[in-house]
Amino acid sequence: MTKTNAGRFFEDYAVGQVIRHAVPRTVKMGERALYHALYPARHALYSSDQFAQDCGLPFSPLDDMIAFHVVFGKTVPDVSLNAVANLGYAEGRWITPVWPGDTLRSESEVIGVKQNSNGKTGVVWVRTRGMNQHDELVLEYVRWVMVRKRDVEAAAPETVVPELKPALSASDLVIPKGLDFTGYDFELAGEPHRWGDYEIGEKIDHVDGVTIEEAEHMMATRLWQNTAKVHFDATFRPDGQRLIYGGHIISMARALSFNGLANAQMIVGLNGGAHANPCFSGDTVRAWSEVLDKAETDAPGVGAVRLRLVATKEAESFELKGEDGKYLPHVLLDLDYWALMPV
């Protein structure tokens, strides 16, 4: 019997299957240092204990996307090792902040399967949950991936496509206990713009660009243990190029969004997302955002803003899709999320 793991293929998934992912991981301040070395991340709540304490938290939590990447990375050997592409996200919620010293683990439930018409691949939907050492839910999200079949002659499973919310409502969002923006220091945060200054439909060009390098991408995939073959093995794709990890683009775009959204401090909801086109080493990533919605919360001084974050390759326009409804070739990421901001 072989001892090695070739990963799951499409026919290995069944609706209702629950997968407990290896290996739990304790995250400490080194994780933040590496994250801030990889991305120009500057949001004050994730940078300063004093700033976080002035906002009602015991100290600065680890960045929201660190939690996402750690939990996501655990799922890769079981969900997307043999994936062609990660297709989208929905119903994501950050429930409990991650503090230095927490130990995170992940589990996923298969909630949908659908074989593609070519008979060579299929789409698998999973709901993933990340928990800490106290068995508290840290975050949860749904994602769907296109996965190769092991045997193209294998019978197609019964199609099950889950019904997912098009977007979370403000009432679905969980505000961290104690968060209070009534004494918020806008000068230290970096910008004066508050929740009331943003209008629905407003678009913000984040101005800056970052050229992606192979070395930093490989550091990110190793750090969060995203061992999908398309990211690690240059011989796996016909063009001989390693595909840049989608989470790398998410974090880069989020960091770039600081210029114009410095006060969108905490991501608390993920409504949807698409990795629209592949990104490769040498591409220059830029970003822009659109305000989709706003909502009040019960937390003192805290408002919620729904944002579309778009990462592009070189292009500096607000164009997203063509007349055929398909993403334009320069669009890399289309992410719809909720963030918390001082009112």
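Above: the structure in question.
Only a predicted model underlies this, so the values are computations on that prediction, with no experimental measurement involved.

Student: Run through unusual backbone geometry, naming residues and quoting values.
Tutor: With an omega of 0°, the peptide bond between Ala22 and Val23 qualifies as cis. With respect to the helices, strands and loops of the structure, Val23 is situated in strand S1 (residues 18-26). A positive phi angle, close to 50°, is found at Glu91, a residue other than glycine. Counting through the fold element by element, Glu91 comes out in strand S2 (residues 83-94).

Student: Tell me about the pattern of salt bridges, and please be specific about residues and values.
Tutor: Taken as a whole and judged by the stated rule, the model has 15 salt bridges. As a salt-bridge pair, Glu214 and Arg242 come within 2.6 Å of each other at their nearest N and O atoms. One end of the pair, Glu214, is in helix H5 (residues 214-223); the other, Arg242, is in the loop between helix H6 (229-232) and helix H7 (246-256), and 28 residues separate them in sequence. In this structure Glu214 comes out as partly exposed when scored by relative accessible area, which is 25%. Taken together, the shared-partner salt bridges in this structure form one network comprising Arg93, Arg129 and Glu140.

Student: So what about the nonpolar core? Which residues, and what values?
Tutor: Grouped together as the largest cluster of nonpolar side chains are 58 residues, with contacts concentrated most on Phe68, Trp224 and Ile249. The dominant element in this core, judged by the number of residues it contributes, is helix H3 (residues 64-79), at eight residues. In this view, Ile249 contacts Ile212, Ile244, Cys279, Val285, Ala311, Leu332 and Leu333; residues no more than four positions away in its chain are not counted.

Student: Before we move on, could you go through H7 and cite the residues and values that matter?
Tutor: Within H7, eleven of the eleven residues are buried, leaving the element largely enclosed by the surrounding structure. Every buried residue of H7 is listed here: Gly246, Gly247, His248, Ile249, Ile250, Ser251, Met252, Ala253, Arg254, Ala255 and Leu256.

Student: Any details on helix H1 (residues 29-38)? Residues and values, ideally.
Tutor: For H1, every residue scored as buried is listed here: Glu31, Arg32, Tyr35 and Leu38. Buried residues of H1, seen end-on, are gathered within an arc of 130° and therefore sit on one face of the element. Of the exposed residues in H1, the ones pointing more than 90 degrees away from its buried face are Ala33 and Ala37. Where the residues of H1 are buried, they touch S1, H3, H5 and H7.

Student: Tell me about the layout of surface pockets, residues and numbers included.
Tutor: Once rolled over the atoms, a probe with the size of a water molecule shows which space is left empty. There is about 530 Å³ of room inside the largest pocket. In this structure, the largest pocket is lined by 31 residues; those nearest its centre are Val84, Ala85, Asn86, His231 and Leu243. Broken down by secondary-structure element, the contributors of at least two residues to the lining of the largest pocket are S2, strand S5 (137-148), H6, H7 and strand S10 (331-342). The greatest single-element share of the lining of the largest pocket, amounting to six residues, is contributed by S2. Of the residues contributing to the lining of the largest pocket, the split by class is 20 nonpolar, eight polar and three charged. In this structure, the second largest pocket encloses a volume near 200 Å³. Gly272, Gly273, Arg308, Asp334 and Asp336 are the residues nearest the centre of the second largest pocket, which is lined by 16 residues in total. Elements that contribute at least two residues to the lining of the second largest pocket include exactly strand S7 (266-275), strand S9 (302-313) and S10. Classifying every residue of the lining of the second largest pocket by side-chain character gives seven nonpolar, three polar and six charged.

Student: Tell me about the side chain of His217, and name the residues and values.
Tutor: Looking at where His217 falls in the secondary structure, it is placed in helix H5. Apart from residues lying up to four places away in sequence, His217 is in contact with His231, Leu243, Ile244, Tyr245 and His248.

Student: I'd like a description of empty space enclosed by the protein, backed by residues and values.
Tutor: One pass over the full model with this rule turns up three cavities of 30 Å³ or more. Quantified by volume, the largest cavity comes out at close to 130 Å³. As for the largest cavity, its lining consists of 15 residues, of which Tyr46, Trp94, Thr96, Pro97 and Met266 are closest to the centre. Contributions of two or more residues to the lining of the largest cavity are made by H3 and S7. No other element matches the three residues that S7 contributes to the lining of the largest cavity. Residue composition of the lining of the largest cavity, grouped by class: 13 nonpolar, one polar and one charged. Each pocket or cavity is described by its volume, and for the second largest cavity that value is around 80 Å³. If you go around the second largest cavity, you meet 13 residues; those closest to its centre are Tyr35, Ala41, His43, Asp63 and Arg254. Elements with a contribution of two residues or more to the lining of the second largest cavity: H1, H3 and H7. Ranked by the residues each element gives to the lining of the second largest cavity, the list is headed by H7, at three residues.

Each value, and the rule that gives it
Residues numbered from 1 in each chain as written. Predicted model: local features only at pLDDT ≥ 70, side-chain atom pairs only at ≥ 80, totals over all residues. Heavy atoms only, no water. Helix = DSSP H or I, 4+ residues; strand = E, 2+ residues; numbered from the N terminus. Salt bridge = Lys/Arg side-chain N within 4 Å of Asp/Glu carboxyl O. Buried < 20%, exposed > 50% of the residue type's maximum accessible area, 1.4 Å probe, protein only. Core = buried A, V, L, I, M, F, W, Y, C linked by side-chain atoms within 4.5 Å. Contact = heavy atoms within 4.5 Å. Arc of directions from axis to C-beta. 1 Å grid on protein atoms, 1.4 Å probe; cavity = no way out; pocket = protein on both sides within 12 Å on 5 of 7 lines; lining within 4 Å. Points joined across faces, edges and corners; volume = space filled by probe spheres on them. Nonpolar A, V, L, I, M, F, W, Y, C, P; charged D, E, K, R; others polar.

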